[in-house]
Amino acid sequence: ASDLSHDSHDELVERVLAGPARLGAVRLVALDGPSGAGKSTVAAALADRLRSRCSVAVVPTDHFATWDAPVAWWPRLVDGVLTPLRRGRAGRYRPMDWSGGAPVLGTAVVDVPVPDVLVVEGVSAGRCSVRPLLTSLVWVELADPAVRLARSVARDGERFRADLRRWQRFETGWFAVDGTRAVADATATP
């Protein structure tokens, strides 16, 4: 796996654009890694660089996951986004409130037009079941769990500290079983 610096994702952009589209005509990029590692930041930077060359859509797994279903929500992403895009049709989904486990009140359905590149970012985005469809799998690394926890608490609020600790324990086991980091073709450290 190549190591991408925070400021230079040009190598990844070139690799993605040269890589095969395996989700119909769409190139699918997964940015995976532990909570608080900076996946959303890397996804935004990558999408910005790609947008100068092609159409891009970004779908965060945070729109699907909940405390009670940290990874079991995957069929909603497949049915609502991946399968339609693979067939050349727009996808759509309703974002979930991860803390309450219900759709976000007052939030419209998110439409995902067919892009040249779809970036799915979040914990379990590069799971084993999606790997045959991926153009690239990027592991976003920030090793210190205390720093990641502090970043997550700053983002989500102090009231979720215990839930976030539980989440960190869950994702450690998930990544060990799924083997995501070992098969990533690039790593990024924000």
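Everything numeric in this text was worked out from a predicted model, so none of it was measured.

A. Region of interest: the side chain of aspartate 156. Here aspartate 156 is to be found in helix H4 (residues 145-156). A distance of 2.8 Å separates a polar atom in the side chain of aspartate 156 from a polar atom in the side chain of arginine 155.

B. Quick look at the nonpolar core. By size, the foremost hydrophobic cluster in this structure holds 34 residues, and its most contacted members are Leu28, Leu77, Val81, Leu82, Val112 and Leu118. Breaking this core down by element, the ones donating at least two residues are strand S2 (27-32), strand S3 (56-60), helix H3 (74-86), strand S8 (117-121), strand S9 (134-140), H4 and helix H5 (161-178). If one sorts the elements of this core by residue count, H3 sits on top with five residues. Within the second largest apolar cluster, 20 residues are counted, among which are Val13, Val16, Val117 and Val138.

C. Structural view of the environment of alanine 30. Tracing the backbone through its elements, the reader meets alanine 30 in strand S2. In this structure alanine 30 comes out as buried when scored by relative accessible area, which is 1%.

What counts, and at which threshold
Residues numbered from 1 in each chain as written. Predicted model: local features only at pLDDT ≥ 70, side-chain atom pairs only at ≥ 80, totals over all residues. Heavy atoms only, no water. Helix = DSSP H or I, 4+ residues; strand = E, 2+ residues; numbered from the N terminus. Polar contact = N/O pair within 3.5 Å; in protein donor to acceptor, adjacent residues only side chain to side chain. Core = buried A, V, L, I, M, F, W, Y, C linked by side-chain atoms within 4.5 Å. Buried < 20%, exposed > 50% of the residue type's maximum accessible area, 1.4 Å probe, protein only.

Any functional reading would require information beyond the geometric quantities listed.
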